[in-house]
Amino acid sequence: MRIVVTGGAGFIGSHIVESLVADGHDVCVFDNLSTGNLENLSNVQSRISFVRGDILDLNLLQKSMEGADVVSHQAAQLEIFKASDDPLYDLTANTVGTLNVLKAAKEVGVKKVLNASSACVYGQHEGASVESQSLRPNWAYGVSKLAAENYGHLFNDYYGVPVVSLRYGIVYGEREWFRRVLTIFIRRAIEKRPLVVFGSGEQKRDFICVDDVVSLHRTCLYDPRADGNAFNAGSGTAISVSDLATLVAEVSFRESGFRPEILNENVSQGAYSALVTYKRRNTAELQSMWLSTEKANKTLGWAPKTALSDGITREFKWAESNMSHWVETHRSHVKHSNHEASKILVV
Ligand SMILES: NC(=O)c1ccc[n+]([C@@H]2O[C@H](COP(=O)([O-])OP(=O)(O)OC[C@H]3O[C@@H](n4cnc5c(N)ncnc54)[C@H](O)[C@@H]3O)[C@@H](O)[C@H]2O)c1
């Protein structure tokens, strides 16, 4: 099949691209390189085509999708603070951008769209979230992703374009971008510094290895029973941030002989840490983000396979030899390309 992957130069998108190329598909990456980069695609560079463009550029999207059978839509703005500070910007990038992708897909007769959604559509919730529960996002980012998902349902039901949305938990693995809790723990362990847990560390998080996201994406690509659905893409379990720190400390000890100390710091929500000075604690922080995998398991027979300690060990090894990727910059400092400046590049 000819498959267009928006955001294919990013962390998750590049893993999806590699799996599609391995399956023998003709892949075109559509990306504005605002947070992604071509190095992420170095393993497949000679076997794909690349369009540098913005999903807000409907004409270029449509042109790039001509002849495509499937679109995998991974492009988005992911900055939680940026979304909260400027919800209109976030809505434009995530909801209008997705609407453009869906519209272009419909115009050119695409047979399926796979849409990257997020666990953030749930908002605060105790225990494992199931797809059928009520949705009340706590951040603007979750609102824009939920609206995008709903447009997906509309295009599936009303316009007849099969759309599947995957609600990712916290995706980790090789090529993960820096500044989230796991990446900060790993980097500090490699630098032989203490790991800093904000607050009590009882907050629970569902970490899913990128390989498992790719396997669910692949299942949904081929299985028509997925069409019209939203599925959680999580590990089915949740770990507290304190236990995550302990796990990273153990991995570090096993891999490098250094067991970092674990410190707790009382950082108010929205404030910067005094110990990890570039990191600001989230506002309206989720007490628990935990995804049930039952629906994907019952409907599609999918289950995640990677144990967290194995996945973290792999990411630790990758990070050790790729520290230059993990600089202490804020993702929102990244310049977003102006869609007027989009141009076609083939790599
Ligand atoms: N990483 C996670 O844990 C996580 C969790 C939930 C949902 N998601 C979703 O997964 C998708 C991929 O996330 P990721 O972690 O790989 O992020 P990423 O930043 O590594 O990848 C996003 C890619 O999209 C590109 N992009 C951004 N805006 C664009 C635009 N307007 N036009 C064209 N390209 C654009 C970026 O250059 C980048 O290559 C996103 O839709 C995100 O919302 C990710």
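Fair warning: this is a prediction, and the values are worked out from it, not measured in the lab.

1. Concerning the pairing of strand β6 (residues 163-168)
Right, so step 1: The buried fraction of β6 amounts to six of the six residues, a majority that puts the element mostly inside the structure.
Right, so step 2: Residues Val163, Ser165 and Arg167 line one face of β6 and the alternating positions Val164, Leu166 and Tyr168 line the opposite face, and both faces are buried.
Right, so step 3: As defined by bridge partners, strand β5 (residues 112-118) adjoins β6 across six bridges and the pair is classed as parallel. Its bridge partner lying in β6, Leu114 is registered against Val164.
Right, so step 4: Taking the sense of rotation as the criterion, the β-α-β connection linking β5, helix α5 (residues 140-157) and β6 turns out right-handed.
Right, so step 5: Bridge count between β6 and strand β11 (residues 230-233): four bridges; the pairing is parallel. In the strand pairing of β11, Ser165 is matched with Ala230.

2. Description of the packing of helix α8 (residues 241-256) against helix α10 (residues 308-320)
Right, so step 1: Packing of α8 against α10 brings their axes to within 10 Å, and their N-to-C directions diverge by 55 degrees. The orientation of α8 relative to α10 falls into the category oblique. Of the two possible hands of crossing, α8 and α10 adopt the one that is right-handed. In this structure, α8 contributes Leu247, Val248, Val251, Ser252 and Glu255 to the contact, and α10 contributes Leu308, Ser309, Ile312, Thr313, Phe316 and Lys317.
Right, so step 2: By residue class, the composition of the contact of α8 with α10 is six nonpolar, three polar and two charged.

3. Description of helix α2 (residues 58-65)
Right, so step 1: Within α2, the full set of buried residues consists of Leu60, Leu61, Ser64 and Met65. Around the axis of α2, the buried residues are gathered within 130 degrees of arc, so they sit on the same side.
Right, so step 2: Elements that come into contact with the buried residues of α2 comprise β1 (2-6), β2 (26-31), β3 (49-52), β4 (70-73) and α4 (87-108).
Right, so step 3: One or two steps after α2, the chain reaches Gly67, where phi turns positive at roughly 85 degrees.

4. Here we look at the domain arrangement of the protein chain
Right, so step 1: Each assigned domain of the protein chain is listed with its residue range as follows: domain 1 (2-169 + 208-234 + 332-344) and domain 2 (181-205 + 238-325).
Right, so step 2: Distance between the C-alpha centres of domain 1 and domain 2: 25 Å.
Right, so step 3: By residue number, the principal contributor to the side of domain 1 that touches domain 2 is helix α7 (residues 210-222), which donates five residues.
Right, so step 4: Here the side of domain 1 that touches domain 2 is composed, by residue class, of 11 nonpolar, 12 polar and seven charged.

5. Quick word on the site of the ligand
Right, so step 1: In the vicinity of the ligand lie 29 residues, with Gly7, Gly10, Ile12, Gly36 and Ala76 positioned nearest.
Right, so step 2: Per-element tally for the shell around the ligand: the top contributor is helix α1 (residues 11-22), with three residues.
Right, so step 3: Looking at the shell around the ligand, its residues break down into 15 nonpolar, 12 polar and two charged.

6. Details of the confidence of the model for the protein chain
Right, so step 1: Counting all residues, the mean pLDDT for the protein chain is 93, and 94% of those residues have values of 70 or more.
Right, so step 2: Note on residues 332-347: pLDDT is under 50 here. Beyond four places in sequence and across chains, it has 29 contacts.

7. A look at the sheet that holds strand β12 (residues 239-240)
Right, so step 1: Ordered by their spatial adjacency, three strands build an open sheet running β12-β9-β14, and the pairing between neighbours is mixed. The open sheet is flanked by β12 and β14 (288-289), the only strands paired with a single partner.
Right, so step 2: Pairing analysis gives two bridges linking strand β9 (residues 204-205) to β14, with the strands arranged parallel. Within the sheet, the bridge partner assigned to Lys204 lies in β14 and is Ser288.

8. What to know about the packing of helix α6 (residues 181-190) against α8
Relative placement of two packed helices is described by the angle separating their axes and the distance separating the axes.
Right, so step 1: Between α6 and α8, whose axes approach to 10 Å, the crossing angle comes to 35 degrees. In this structure, α6 crosses over α8, and the sense of that crossing is right-handed. Across the interface between the two elements, Val181, Leu182, Phe185, Ile186 and Ala189 of α6 pack against Val241, Leu244, Ala245, Val248, Ala249 and Ser252 of α8.

9. So, unusual backbone geometry
The phi torsion of most residues other than glycine is negative, and most of the peptide bonds are trans.
Right, so step 1: In the Ramachandran plot, Arg179 falls in the positive-phi region, its phi being about 110 degrees despite a non-glycine side chain.
Right, so step 2: The topology assignment puts Arg179 in the loop between β7 (170-172) and α6.
Right, so step 3: One non-glycine residue with positive phi stands out, namely Lys192, at about 60 degrees.
Right, so step 4: If you trace the backbone, Lys192 turns up in the loop between α6 and β8 (195-198).
Right, so step 5: Given 10 C-beta atoms within a 10 Å radius, Lys192 is considered exposed.

10. Here we look at the pairing of β4
Right, so step 1: Of the two faces of β4, both are covered, the one formed by Val70 and Ser72 as well as the one formed by Val71 and His73.
Right, so step 2: Summarising the sheet, β1 and β4 pair through four bridges and their orientation is parallel. Bridge assignment links Val5 to a residue of β4, and that residue is Ser72.
Right, so step 3: Where β4 and β5 come together, four bridges link them in parallel fashion. Looking at β5, one finds that Val70 is bridged to Lys112.

Cut-offs and rules
Residues numbered from 1 in each chain as written. Predicted model: local features only at pLDDT ≥ 70, side-chain atom pairs only at ≥ 80, totals over all residues. Buried ≥ 20, exposed ≤ 12 C-beta atoms within 10 Å, placed from the backbone. Helix = DSSP H or I, 4+ residues; strand = E, 2+ residues; numbered from the N terminus. Pairing = 2+ DSSP bridges. Right-handed = clockwise from strand over helix to strand, strands pointing away. Axes fitted to C-alpha atoms, helices over the stretch in contact; angles between N-to-C directions. Parallel < 35°, antiparallel > 145°, perpendicular 65-115°, else oblique. Left-handed = near helix turned anticlockwise from the far one by under 90°. Contact = placed C-beta atoms within 7 Å. Nonpolar A, V, L, I, M, F, W, Y, C, P; charged D, E, K, R; others polar. Arc of directions from axis to C-beta. Domains from an automatic or database assignment. Near = placed C-beta within 6 Å. pLDDT = per-residue confidence, 0-100.

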